[in-house]
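Each chain, written out:
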Amino acid sequence: IGCEDGSVKLFQVVPGGIRFERNLDRRKGRVLCVSWHPSDTRIAAGSIDAIRVLDVCSGQTLQRIMVNYHVQKVKRECIVWSIAFLASGTVVTSDSFGRVQFWDWERGTLLESHTVSTSSVLSLAVSEEEDSIIVGTSTGATFQFQLLPVKMGSLEKRWVRTKPFQHHTHDVRAVAHSSTALISGGLDAQLVIRPLMEKMQKKGYDAVLRKFTFPHRRLVSCARKARLLLFQFSQHLELWRLGSTDETGKDGEVLPVCRMPEHLVQIKSKGPEHIYCSCVSPCGSWIAYSTASRFHLYRVQYEGDGVSIKKVPEVPKLLLPAYQLQFSSDSGSLFVASARGSVHILQLLEPGGCKHLRTLQPPSGSPEAVYLLASSADGQWLAAVSGDWAVHTYNLKCSKHHCTVPMYSCAVTALAIHPLTNNLVIAYSDQQLFEFSIPKKEYTAWSRMVQNCGLHKVWLERDSPITHITFNPKKPSHILLHDTYMFCVLDKSLPLPDNSTLLMNQSTLKQLPETARQRQLHAFKICKKFQ
């Protein structure tokens, strides 16, 4: 571990954690990056204006190289942001001058220098064969370097910048190099996997550029009865009233709005902590949110077009943070997902207070926190998902554990309880969908049919997880789902599409006569016309 005080500390990895072993040679200047030599006998450390190579056995500095010794009249300091120690003895650095440099550590000399950016190169990673390097910059660009022969058949090799990519909008703080892909993560909250086509044996799912957008959780909650939306940002919340229209139109038309959406109130969170989760009650009268160390509850009152908001002063001291918040359908209770599989139930009191009613826990306990909740419209059932991927259901009338959904080998990304049937619909990270009858404690006939027939190949190859499930009260057979890029109406009354049919067939169907259209209808109706 490289430290701010200029020291490099060695820790022993032991069962259950790490144990401090000793300090290596301490020098002036922050240590910003470290890298082991593959032999485990030496460590390279990057600092301000310098890199060092340390001997692991003696703890002494074997070599100290000034990274700007070959540059004339440098007035600003050079920060070595990332470092890699190759088996050949070459040390690779990336720095705040936008350079990727290759050093002979024993002689202390510069072998090669490549300027790739006008600003910082923040991260670098090396392939297992040490013939390819990926670097990430503060402009959102990533570059690949490859070790190639100087000319055909030559044994002499040089590092050559071969591929620039611009998949990020902000700093690329982390990169990784697998055997078949370049992987980068940026401050734009995107993980990008760029396949190396020359390493691919065949075209297919693994040969496609993939972008994963974070966070994989819902940041908008809806007060259905009050027609309000609560938007969660990193350090504030915004409450909006939905616009409305008095027009009707054909399928796919954009309707004119007679009343514009209205921004009602903004709630700012104090301190540096980000808001972890938030929720607005169905009636629109309560707003709750949690950070890592604080839980807040607000009472919202509407007087004509005006809005007043009052903080509930004495909220129960809960085990924080709250990982998910969910109001009951009658807005009388608040469910708080907490650590070790527990769910706290708070009773909301007029004119603006609350008290802790009880805590629900799975019978066998759980080492993991609950991160997803779903309550039923009739107020009888609550489903909770914990980090060990177990889905527990509770009977709220008698405050007892009801049953556990059979374990599945993937994480749950969204779940919801149907308002009429009390069937629990679950979406998993591998894009599989299940429907579980809570009263009967078993999978439904439709769910078994889905597992027997299988979902469409294009559906299963989507990267973005389903983050929200809800239902159309007027059409009980409809399940509404969405991810970051797609909104889907799943009609259980229609047959599932097989892999030979087009999954996104809406535009094709519109061009067919009625009889042909009926023959080609299937359960998935997908729309991507939104941002």
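Residues numbered from 1 in each chain as written. Predicted model: local features only at pLDDT ≥ 70, side-chain atom pairs only at ≥ 80, totals over all residues. Heavy atoms only, no water.

Taking an unreviewed UniProt entry as the reference, the protein chain is identified by name as UTP4 protein belonging to Anhinga anhinga.

Secondary structure assignment for the protein chain yields four helices and 42 strands. Counting only C-alpha atoms, the protein chain reaches 75 × 65 × 50 Å along its principal axes. Residues classed as buried in the protein chain amount to 47% of the 531 residues present. Between the centroid of the 61 positive side chains of the protein chain and the centroid of its 45 negative side chains there is a distance of 3 Å. (Helix = DSSP H or I, 4+ residues; strand = E, 2+ residues; numbered from the N terminus. Buried < 20%, exposed > 50% of the residue type's maximum accessible area, 1.4 Å probe, protein only. Lys, Arg positive; Asp, Glu negative; His and termini not counted. Charge placed at Lys NZ, Arg CZ, Asp CG, Glu CD.)

The next subject is the environment of Ala87. Along the chain, Ala87 turns up in the loop between β7 (80-85) and β8 (90-95). When the C-alpha positions of Ala87 and Trp36 are compared, they lie 9.8 Å apart, and in sequence the two are 51 residues distant. Filtering out sequence-adjacent residues up to four positions away, Ala87 remains in contact with His37, Pro38 and Glu130. (Contact = heavy atoms within 4.5 Å.)

Our focus in this paragraph is unusual backbone geometry. Across the junction of Phe214 and Pro215, the peptide omega takes the value 0°, indicating a cis bond. Position of Pro215 relative to the elements: it lies in the loop between β18 (210-213) and β19 (220-223). Put simply, Glu350 and Pro351 share a cis peptide bond, and its omega is 0°. With respect to the helices and strands, Pro351 occurs in the loop between β29 (343-349) and β30 (353-360). Positive phi outside glycine occurs at Arg227, with the angle close to 60°. Relative to the helices and strands, Arg227 resides in the loop between β19 and β20 (228-232). Classification of Arg227 by relative accessible area gives partly exposed; the value is 42%.

One pass over the full model with this rule turns up 15 salt bridges. Glu4 is paired through a salt bridge with Arg30; the nearest N and O atoms lie 3.2 Å apart. With Glu4 in the segment before β1 (9-14) and Arg30 in the loop between β2 (17-23) and β3 (33-36), this pair connects stretches of sequence that are 26 residues apart. A salt bridge links Arg107 to Asp104; the nearest nitrogen and oxygen atoms lie 2.9 Å apart. For Arg107, a relative accessible area of 67% translates into the label exposed. (Salt bridge = Lys/Arg side-chain N within 4 Å of Asp/Glu carboxyl O.)

Once that is clear, we can look at the environment of Glu238. The residue Glu238 is located in strand β21 (residues 236-241) in this model. Glu238 sits 256 residues away from Leu494 along the chain, and the two C-alpha atoms are 39 Å apart. Setting aside chain neighbours within four positions, we find Glu238 in contact with Leu229, Leu230, Phe231, Phe233, His263, Val265 and Gln266. For Glu238, the side chain forms a polar contact with the side chain of His236, separated by 3.2 Å. Of note is the side chain of Glu238, whose polar atom sits 3.0 Å from the side chain of Trp240. (Polar contact = N/O pair within 3.5 Å; in protein donor to acceptor, adjacent residues only side chain to side chain.)

Attention now moves to the packing of aromatic side chains. Summed over the entire model, instances satisfying the criterion amount to 12 aromatic pairs. Aromatic rings pair up to connect Tyr408, Tyr428, Phe434, Phe436 and Tyr443 into one cluster. (Phe/Tyr/Trp six-rings, centres within 6.5 Å; stacked < 30°, edge-to-face > 60°.)

It is worth spelling out the sheet that holds strand β4 (residues 42-46) at this point. Strand order in the open sheet formed by four strands is β3-β4-β5-β6, and the pairing between neighbours is antiparallel. Here the strands that pair on one side only, and so sit at the sheet edges, are β3 and β6 (61-66). Geometrically, the sheet is characterised by an average inter-axis angle of 15° between neighbouring strands, direction not taken into account. Here five bridges tie β4 to strand β5 (residues 50-55), and the two strands are oriented antiparallel to one another. (Pairing = 2+ DSSP bridges. Axes fitted to C-alpha atoms, helices over the stretch in contact; angles between N-to-C directions.)

Let's shift gears to the nonpolar core. Ranked by size, the top nonpolar core spans 23 residues in total, and within it Trp459, Ile466, Ile469, Ile479, Leu481, Leu490 and Phe524 carry the most contacts. Where this core is concerned, the elements lending two or more residues are β35 (412-417), β36 (423-428), α1 (445-453), β39 (468-471), β40 (478-482), β41 (487-491) and β42 (524-527). Once residues lying within four places of it in the same chain are set aside, the contact partners of Ile466 are Thr413, Ala414, Ala427, Gln431, Trp459, Leu481, His482, Asp483 and Met486. (Core = buried A, V, L, I, M, F, W, Y, C linked by side-chain atoms within 4.5 Å.)

This next bit is on the sheet that holds strand β17 (residues 190-195). Spatially, β15-β16-β17-β18 is the arrangement adopted by the four strands of the open sheet, whose pairing is antiparallel. Two strands bound the open sheet, and with one partner strand each, they are β15 (172-177) and β18. Ignoring which end each strand starts from, the neighbouring axes of this sheet average 15° apart. Pairing analysis gives five bridges linking β15 to strand β16 (residues 181-186), with the strands arranged antiparallel. Bridge assignment links Val172 to a residue of β16, and that residue is Gly186.

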